[in-house]
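What the coordinates show
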Amino acid sequence: MKKKFDDYTWLARGGLFGSSLWEGPDHLLYITSSFVGERYRRIDYAKIQAISYGRTSTYGWTMAWQGVLLALFAWGLLANLHEGVFPIAFFGTLTALILVFFILNLVRGPTCLCKIQTAVQVLRLNPLRRIRPTMKCVARIQELCRMHQGDATPSAMSATSAVASASLHAVPGVVKPPFRGSTMLAITLPLMALAGMMLIADLFIRGLWFFGLDALVTMVAVGLTIAGIARAVRTHLPDALRISLWGLGGTILFQLLVALMVYIASIFQQTHQMVESRSGQFDLLGPWQWMADAGFAELGWIAWFVVAAGAAAIVFSIIGMPTVFQPKTAPLAPATPPPAPPTIGPAANERATNELPPP
Amino acid sequence: MTAAHCVYCNQPLAEAQLRAGGTVQCMRCARSSIVLALPALFDDPRAKPPPPPLDPPAEGEAACFYSPNRKATKECKHCGVLMSDIWSAQWGAQTICLKCLDHLREKTKDSRFQTSRRLWDNITLLFALLPFSIVLYWIVPFSAPAALFLGIYHWNSPRSLVPRSRLRLIAGLLIAFAQLSAIVLGIAAWWFSWMR
């Protein structure tokens, strides 16, 4: 990987598609990548006002779900040791894959969130997601900023701020408004619960018609859930609703994984039948018919994953329903007033009264 | 002074905590974070910089090309004119005049002004690899020609700002070529078996 090009020196890299941070002669170059394009942001060192970072719980949650999957696949491997080559290869591959990611996550260490503030924006730096590289990188950026802003000592900064604070006004950043209900979530949560129930019922009800109906309801519910999450996160959510929405987000990913497992099982089943019957013809509707009619006997241990996916959808939907269906007369998030700014002195207070812009 | 914000909930942080530095606890979400306040935070954003003092050239001294009533202090590295400080800009390690800067931005579309770029090598590789996904195997008669066309058409297009080789482009073209060859051979084999 390149560490230097033109005037730039590499600082950090991270994110899904390899976003990166580069140290330039008088600015920071931040490259955000999607697979099909890149976006470049240049932030002058002289204009950076503050750098802040703090720990996140992503590390813990990642260890938790990877640990659960590792335990499940390892149990599947041990339970199928005498069943033949295919189950061993299948579970062995999955176990090895999850183990690699688990160890990688453990070695890379705790996760964090890092933001840079200028006069016009507060920018999250995606490459800085782990505490250890973030601390090194932030120290370097701070050193560069002090070189370009003048190396003000803490006492000098205090003296200037005592006078300047009289004209305190906020950066045009976003403070999330409290959640005040959502019609979309009022439809989405019950629909997601229904989708979960139909997913479990699909193990007992045979027929392509019910399978199709279940797929349709699930797709609509998933789409609405994703849209609902995207809208709701712009507000300050109550704890129950936040747990419900993020739990449903995780459940959707889990359901996709389970759907993929069932689809692969159906393909293998069809291939096995084709080989046994020596017909040489692959029925295109065969896998779908098999999935529609599959129950506990056909799916085996995969059926329990299906039950878990459905149950998770039901549980997380129910958690969020009381908040969403609360009468709108009461505010849904506790409206805590912002703390009063600290007073500095009588002269500064008088100046603040004269100079502060009207709300 | 502008306010620093909590990294979690964007609530403005108390000035006294910022002045103390180090770990700061937000009063709204009660989470602690490290906030490094820099001198720019304490500048008054409404204050305008003072106008540069008049600096007429003395006898025998060079005058600025753009403002003849000012002494020339720098030379533009692109066009070579002598200019005063107010007409100069730092462009990486070089000092250039504002007219050359505008030319770099508007006419030559210098890469240092670019804010985004399409990665055609990645797109070519994506088109070539799409059929290998389980559910999109049927797309190969469309994706392979598309990958070939994009790879050849964008052979000389700029890639990432961070210099890299054409490896992805070549890989995409080779895979697409192999896919098209397989389709053509398959059709030919079916045709000859039908003719018999």
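Okay, so let's go over this structure. Residue indices begin from 1 for each chain and proceed along its sequence in written order. Each chain is given a letter, starting from A, and each ligand a number, starting from 1, according to the order in which they appear as written. In keeping with the predicted nature of the model, local features appear solely for residues at pLDDT of at least 70, side-chain atom pairs appear and are counted solely at 80 or more, and the whole-chain, interface and lining totals rest on all residues. The side-chain values count all of the structure's non-hydrogen atoms but skip hydrogen atoms and water molecules.

Before going further, it helps to spend a moment on the overall build of chain B. Numbering of helices and strands starts at the N terminus; helices are DSSP runs of H or I of at least 4 residues and strands are runs of E of at least 2. Across its full length, chain B carries five helices and seven strands. Put simply, chain B runs from its N terminus to its C terminus through helices and strands in the order α-β-β-β-β-β-β-α-β-α-α-α. Only protein chains enter the accessibility calculation, which uses a 1.4 Å probe; a residue whose area is less than 20% of its type maximum is buried, one above 50% is exposed, and one in between is partly exposed. Out of the 196 residues in chain B, the part that is buried amounts to 37%. Any two residues whose heavy atoms approach within 4.5 Å at even a single point are treated as in contact. Intrachain contacts of chain B at a sequence separation of at least 6 include 29% that bridge at least 24 residues. Accessible surface is estimated by sampling points in the Shrake-Rupley manner with a 1.4 Å probe; for residues, cover comes only from the protein chains shown. Of the accessible surface of chain B, which amounts to about 11800 Å², a share of 63% is contributed by carbon and sulfur atoms.

Moving on to the packing of helix α6 (residues 208–232) of chain A against helix α7 (residues 239–277) of chain A. Residues and elements named next belong to chain A. Helix axes are fitted to C-alpha atoms over the stretch in contact, other axes to C-alpha atoms as well, and angles between N-to-C directions run from 0 to 180 degrees. Running from N to C, α6 and α7 point in directions that differ by 140 degrees, and their axes come no closer than 10 Å. On the basis of their axis angle, the class for α6 and α7 is oblique. In terms of crossing hand, the pair formed by α6 and α7 is left-handed. Residues Thr218, Val222, Thr225, Ile226, Ile229 and Ala232 of α6 pack against Leu245, Trp246, Leu248, Gly249, Ile252 and Gln255 of α7. Note on residue classes: Ala, Val, Leu, Ile, Met, Phe, Trp, Tyr, Cys and Pro are nonpolar, Asp, Glu, Lys and Arg are charged, and everything else, Gly too, is polar. Among the residues forming the contact of α6 with α7, the class breakdown is eight nonpolar, four polar and no charged. In this scheme, roughly parallel covers angles under 35 degrees and roughly antiparallel covers those over 145, while 65 to 115 is roughly perpendicular and the rest are oblique. Take the far helix as your reference; a near helix turned counterclockwise from it by less than a right angle gives a left-handed crossing, and one turned clockwise gives a right-handed crossing.

What follows covers the state of the cysteines. The disulfide definition used here is simple: a pair of cysteine sulfur atoms within 2.5 Å. Inspection of every chain in the model, using the stated rule, returns zero disulfides over all chains. With no disulfide of its own, B:Cys79 lies 3.5 Å from the sulfur of B:Cys100, the closest cysteine sulfur.

Our next topic: helix α3 (residues 131–149) of chain A. What sets the pattern is the α-helix's 3.6 residues per turn: residues three or four places apart point alike. Each residue after the first adds 1.5 Å to the expected span of a helix. The terminal C-alpha atoms of α3(A) lie 26 Å apart, and with 19 residues this matches the ideal 27 Å at 1.5 Å per residue to within 8%. Of all the residues in α3(A), the buried ones are A:Ile131, A:Thr134, A:Cys137, A:Val138, A:Ile141, A:Gln142, A:Leu144, A:Cys145 and A:Gln149. Among the structural elements, β2 (8–14), β3 (19–23), β4 (27–33), β6 (50–55) and β7 (112–117) of chain A together with β2 (32–37) of chain B are those in contact with the buried residues of α3(A). Among the residues trailing α3(A), A:Gly150 stands out with phi positive, at a value near 90 degrees.

Attention now moves to the pattern of salt bridges. Salt bridges are defined by distance alone: a side-chain nitrogen of Lys or Arg within 4 Å of a carboxyl oxygen of Asp or Glu. Taken as a whole and judged by the stated rule, the model has six salt bridges over all chains. Across the pair A:Asp44 and A:Lys47 runs a salt bridge whose closest N-O atoms are separated by 3.5 Å. A relative accessible area of 52% means that A:Lys47 is categorised as exposed. B:Arg164 serves as the salt-bridge partner of B:Asp121, at 3.1 Å between the closest nitrogen and oxygen.

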